[in-house]
Structures are given as C-alpha cells and as structure tokens.
Amino acid sequence: MIEDEFITVDNPAELKQSGKTDKAEAELKPGTVPEGIQNETHLDEKPTRRFPLREKKLPIYLKDYVDPDECDITNHVVDYCYRVNSIPKSYSEAISSPDSVEWQKAMSDEMAALVDNETFELVAKPKERSVIGGRWVYSVKSGPNDQEIFKARYVAKGHSQVADVDFTETFSPTARLTSVRMLMDIAVQESYIVHQMDVCTAYLHAKIDCNVFVEQPEGFIELDKNGENGDKFDVPANVEEALHGPESKLWKAAMEEEMASMNINNVWSLVECPKNKKPTRCKWIFKRKTGPDGNVCSYKVRLVAQGYAQKFGVVYDETFSPVVRFESVRAVLAPAAKPNLQLHHMDVATAFLNGELSGEIYLTQPEGFVSEGNENLVCRLNKFLYGLKQSPKCWNTALDGHLKQLRFKQSKNDACIYTRVSNKGSCIIAVYVDDIIIASDCLDEINEVKSCLSAKYKMKELGQLSNFLGVSVMQTKNEVFLEQSAYTKALLSRFGMDNANSIATPVDVNADLVTTSDEVEECDKDLYQSAVGSLLYLSTRTRPDIILL
C-alpha cells in the first residue's frame, strides 16, 4: 500500500510550476484514482484508517457496577443511571416511590436499632438551646446473588452544631492506607489469613459527652408524656406494617391474643359460603392505650367487620345503643367526696361477643390467620363482632338484661345508670359501652357485684377508679379531683398556644372588635370551629368554668 502524500499549498502558482498540480487535481477529482495505486487497491478492500480505532472504556466511576465481559455496556450504563436517579432524596420521595415498602422497612429497621441502643430520649427543648436538624439518607447496596439491599440511615445535620456547646473535640484517628498495605505485605510473607468485620451502627455505641438535641425523625414522631408530638411510632394501618415495623413483636402478640379470644368464645365456624350470600370483609384495627400521664400502657388489636357493606332491613334493623352522659358520670362521682363512698372500675373484655346473634352472617377469614388448607372457606358468625352495625345494640340489650337480673333498676333520666339498695348498702353503676364504674359505700357490695359480672362475662379488674374516658380521677378523703392535663396541653400545642402566658381574664379587655371587611384578614374557618369544638368538649368534662368564653 502506497503511503499518502501530503502537500502544503501556500501559493497555487508555485504548485503549478512544481509540476504537481496535475497529480493533485487527479487525486481531488471524484471517481479518479491516482496513478500507481490502481493496481494495488481493490473495491472490496476497506481503506486504511488514518487514525487508530478508539478503544471503548467504561467510566472509572462505573467500574464497580459494570462487567463489560458479561453484558452490553450501554444497557448497564442506563440501568445504573436509573438506579441512581430512583434513590429518594427525602422522606416524602421514599414513601411515594415504587419501592415504598422496602424503604419503609429500611427506616423501621433503622429506628429499631436506635431504640434498642437507647440512642435518644424525649425531653422538652430548653429555651436557650437550638435543635439540630436531621434527615433520612437512602442507599441501595448489592447483596449475595446481586440482591438489592435497601438501606436507610437517619443522620444529624452536623453543620448546624455550635462549637463548645454541642461538641468539644472532633478528631478521630483512622488507619493510613500505607499501614494497610504494610499489613497486607506481612500477611503474604507470613501466610496470615486476613478477615474483615463491620460494626453495625458503630456510632451508637459511643457515649455522648454533652447534651445534644436533635429533631425527631420524619415519619416516626413520638408522643411525649403530655401528648404533644404524636405516637412513638406511627400506628400501623394494616397487617403488613404491623408485622414489619419496629414494634412487630408487640403487635403480633396482641393479634394472637385477639385470635385466642375469638377461639375461646367460639365466635365463628368455618363453612362454605352459600351461593346467595356474600361474605363481609374484615380488617385489623391497631391502637395504643395510654394512661392518665399520656404514657403507653398497652397495645390493643381488634378484629372488626367492615359493616358499611351491610344492608338495612336485610342484615340488620336497629342499631341505636345508649351510652352514659358525662353529666351523669359527674353526678355519680360527686357523692364520692363522702369518706365512705368508694369508686371502682371494670372493663368487659371483647364485650360485643356477648350479644345474642340472630340470622346468618358470613365473614372472610382474618388476614394473617387464614386456615391452612381451608382457604376457600368463610367464617359463619356464632356471635357478634366489632364493626357490625347491630353489635352495640345487641351488647347493650344483653348487659341490661343481666343487670336487671341482679336487681338493679335502670334510671329514667339516663338509660346507662343503674342503682340497687341491699342490706349491705347502696350501689350505683354507670356504663359506657364496655367501661363500668361501680360506686358504693360498702366494699362487700362492690365485691359482690364484681363477682356476679365476672361469672357472666370475661372482666378486667382495674381497681379503684383512676382514669375514665381520658379523664384522670383522684379521690382523697373528702375530695374528688377530675383533670385532663394531657388533653389540655395537647390542645394548646395544636393551636400554637403552648408558650402563651396565663392571664387573669379569659379575654383581652382592651381588644377592639371590628366588622369584617376586605382589609381585615379572615381567620381559618375550619381551624376556628375545631378550636371551639375542642373547648366545648373540655368544658363538659372537667372545665365548666370556661363555658362562658
């Protein structure tokens, strides 16, 4: 092959005089081949490239993710870019992404590690201190067999820390790479076996040397004892969240307890669903019960029927069930100021199961407790279940009949107040669905009533009355105190009044009332109505002094 001849032309006249013009023109003329090359080239032969073919190399930042020997480079690059872009940058992106279940589980695992290691405790923020922000950081790691492992880490925004207030020293030594190479050399020379270990949540094991205040993780806001910040963890909305959350053991135990109660009470029988019947669906309801101080005292799980699908006149007729008015409760508690009157509290376990069932009601099997091998069967109810429209009415009828058998008389003014006078003394009972207050001037009379109720129903003995419908009750020798401090503080916090100063008058006496105009900004109607309703509720319970506000 003849090498190409390159000609540099500064002056065309000089090129013509040199005698090379004809050759150059022949080379430039389309369809012509320079003389001397015609016999050495072929039409099928590709011309030699003037520059070598560029070698395709992967970007160095992809070397840990792409194997060029296995798959096409382009596909790997696109897939890797998609995974980078699909990693959420905030909590809202994580819970709204297609991988929301995996991200939620990763965050729950992180919160479980924080709780197990007692990383923090809830306290009121000191006025002179600022709170350090926090955020969720998400990543996807490659596990065995290229399995994706979703990781979530809650980190503090350390850039907002103040020196000598939030921290003192920050230096922490790490191994130099030269030292690591030296160790590897020694391992080769001495035939050492080198292993690697990783400390999970390493920073959680170090003791903190000063008070640091960090905001609570988004999505996992806790309740403090005053009820100001929500629950410790979000209450599960379904079985999936309950069994994979940080409190999965507690919720699972509560679910198993509920199912055990169903089996003991023979609530249903597994049968084939009749062709003309459509089974009612059921669901699990999760709730934390708190004491008068706002702390969680128990985890409650209730299996309920989705009664909204029931048809009036076909499955049920009457649904009304009375409950005691709180004015009547106060009337019962008032005589307790006398030295001899005692107040006791009982709760009916799974109260609605004690109602008498008429007709056939079919229910789907509970999620998570489907009988193995009988997946096609449904539950035919033998007793009422929570959620059915007629359940409260039937339970109240059953309890009313039993109390009248015990010679209690129903009050004409409040259908849930019952009284009885015996040789031992007088007794008053107030009923709110499954919560029962027993008031009497004779302890033997109270114990007799408790024994009669326990013989008929499964009862929970709660001792002396201390908390009823969210109201804290404290009885002394000549006084009875009712208070709702947890609810009141939560109410003030909700409407931005938790840091307000107390005054002697309920309304500012110097305030000027003006008519509404375009220049006056109207308040939030919904927020205003919510505040009024909350204050009315408080006034009917424990603060009648604010009724005239």
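All of the points below concern the structure found in this document. (Residues numbered from 1 in each chain as written. Predicted model: local features only at pLDDT ≥ 70, side-chain atom pairs only at ≥ 80, totals over all residues. Heavy atoms only, no water.)

**Things to note about the sheet that holds strand S13 (residues 459–464)**
An order of S9-S10-S11-S12-S6-S13 is seen for the six strands of this open sheet, with the pairing classed as antiparallel. At either end of the open sheet lies a strand with only one pairing partner, and these are strand S9 (409–410) and S13. Taken together, the two bridges between S9 and strand S10 (residues 417–421) define a ladder with antiparallel strand orientation. Among the inter-strand pairings, Gln410 is bridged to a residue of S10, identified as Tyr418. (Pairing = 2+ DSSP bridges. Helix = DSSP H or I, 4+ residues; strand = E, 2+ residues; numbered from the N terminus.)

**Overview of a nonpolar patch on the surface**
Taken together, the side chains of Leu177, Val180, Leu183, Met184 and Val194 make up a nonpolar region of the molecular surface, amounting to roughly 440 Å² of accessible area. You can see Leu177 is positioned in helix H6 (residues 177–190). (Patch = residues over 30% accessible without salt bridge, like charges linked within 9 Å, V, L, I, M, F, W, Y side chains within 5 Å. Areas by Shrake-Rupley, 256 points an atom, 1.4 Å probe, with all protein chains shown as cover. Salt bridge = Lys/Arg side-chain N within 4 Å of Asp/Glu carboxyl O.)

**What about the sheet that holds strand S14 (residues 467–468)?**
The sheet built from three strands is open, its strands ordered S14-S15-S16 with antiparallel pairing. Sheet topology places S14 and strand S16 (480–483) at the edges, where each strand pairs with a single neighbour. The pairing of S14 with strand S15 (residues 471–475) spans two bridges and is antiparallel. If you follow Asn467 over to S15, its bridge partner there is Ser472.

**Description of the packing of aromatic side chains**
Enumeration over the complete set of coordinates arrives at eight aromatic pairs. Pairing Trp251 with Phe286 gives two aromatic rings, centres 5.5 Å apart and planes at 80°, and the pair type is edge-to-face. Residue Trp251 is located in helix H8 (residues 248–264), and its partner Phe286 is located in strand S4 (residues 282–290); the two are separated by 35 residues in the primary sequence. Plain terms: the ring middles of Trp251 and Tyr299 are 5.0 Å apart, the flat faces sit at 85° to each other, and that makes the pair edge-to-face. One end of the pair, Trp251, is in helix H8; the other, Tyr299, is in strand S5 (residues 296–305), with 48 residues separating them in the sequence. Taking the relative accessible area as the measure of exposure, Tyr299 reaches 22% and is therefore partly exposed. (Phe/Tyr/Trp six-rings, centres within 6.5 Å; stacked < 30°, edge-to-face > 60°. Buried < 20%, exposed > 50% of the residue type's maximum accessible area, 1.4 Å probe, protein only.)

**Focus on the side chain of His345**
You can see His345 is positioned in strand S6 (residues 342–348). Take His345: its relative accessible area is 6%, and that puts it in the buried class. Here the side chain of His345 touches Asp435 through a polar contact of 3.3 Å, side chain to side chain. Setting aside residues no more than four positions away along its own chain, His345 makes contact with Asp435, Ile436, Lys460, Glu461, Leu462, Gly463, Leu465, Asn467 and Phe468. (Polar contact = N/O pair within 3.5 Å; in protein donor to acceptor, adjacent residues only side chain to side chain. Contact = heavy atoms within 4.5 Å.)

**Some words on the pairing of S16**
Moving residue by residue along a regular strand, the side chains alternate between the two faces of the sheet. In the sheet, S15 pairs with S16 via four bridges, with the strands oriented antiparallel. Paired with Val473 across the bridge in S16 is Leu482. Hairpin geometry of S15 and S16 is characterised by an intervening segment of four residues between the two adjacent antiparallel strands.

**Observations concerning unusual backbone geometry**
Glycine aside, a negative phi is what most residues show, and trans is what most peptide bonds show. Located in the positive-phi region is Arg407, a residue other than glycine, with phi close to 70°. Tracing the sequence through the fold places Arg407 in the loop between helix H10 (391–405) and S9. The exposed category is assigned to Arg407, whose relative accessible area is 52%. One non-glycine residue, Val433, adopts positive backbone phi at about 60°. With respect to the element layout, Val433 can be found in the loop between strand S11 (426–432) and strand S12 (435–440).

**Describing the nonpolar core**
Counting residues in each nonpolar core, the largest one holds 39 residues, and the members touching the most others are Leu403, Phe408, Ile429, Val431, Ile436, Ile438 and Leu453. When residues of this core are traced back to their parent elements, those giving at least two are helix H9 (326–333), S6, H10, S10, S11, S12, helix H11 (443–456) and S15. With sequence-adjacent residues up to four places away left out, Leu453 is seen in contact with Met346, His402, Leu403, Ile436, Ile438 and Met459. Core analysis: the second largest hydrophobic core is formed by 24 residues, Val239, Ala254, Trp268 and Leu303 among them. (Core = buried A, V, L, I, M, F, W, Y, C linked by side-chain atoms within 4.5 Å.)

**A few points about the pairing of S11**
Direction of pairing for S10 relative to S11: antiparallel, over a ladder of five bridges. Bridging from a neighbouring strand, Thr419 pairs with Ile428 of S11. Hairpin connection between S10 and S11: a loop of four residues separates the two successive antiparallel strands, and Gly425 in this loop has a positive phi of roughly 155°. Note that S11 and S12 share six bridges and pair antiparallel. Paired with Tyr432 across the two strands is Asp435, which belongs to S12. Between the end of S11 and the start of S12, which pair antiparallel, lie two residues, with Val433 showing a positive phi angle near 60°.

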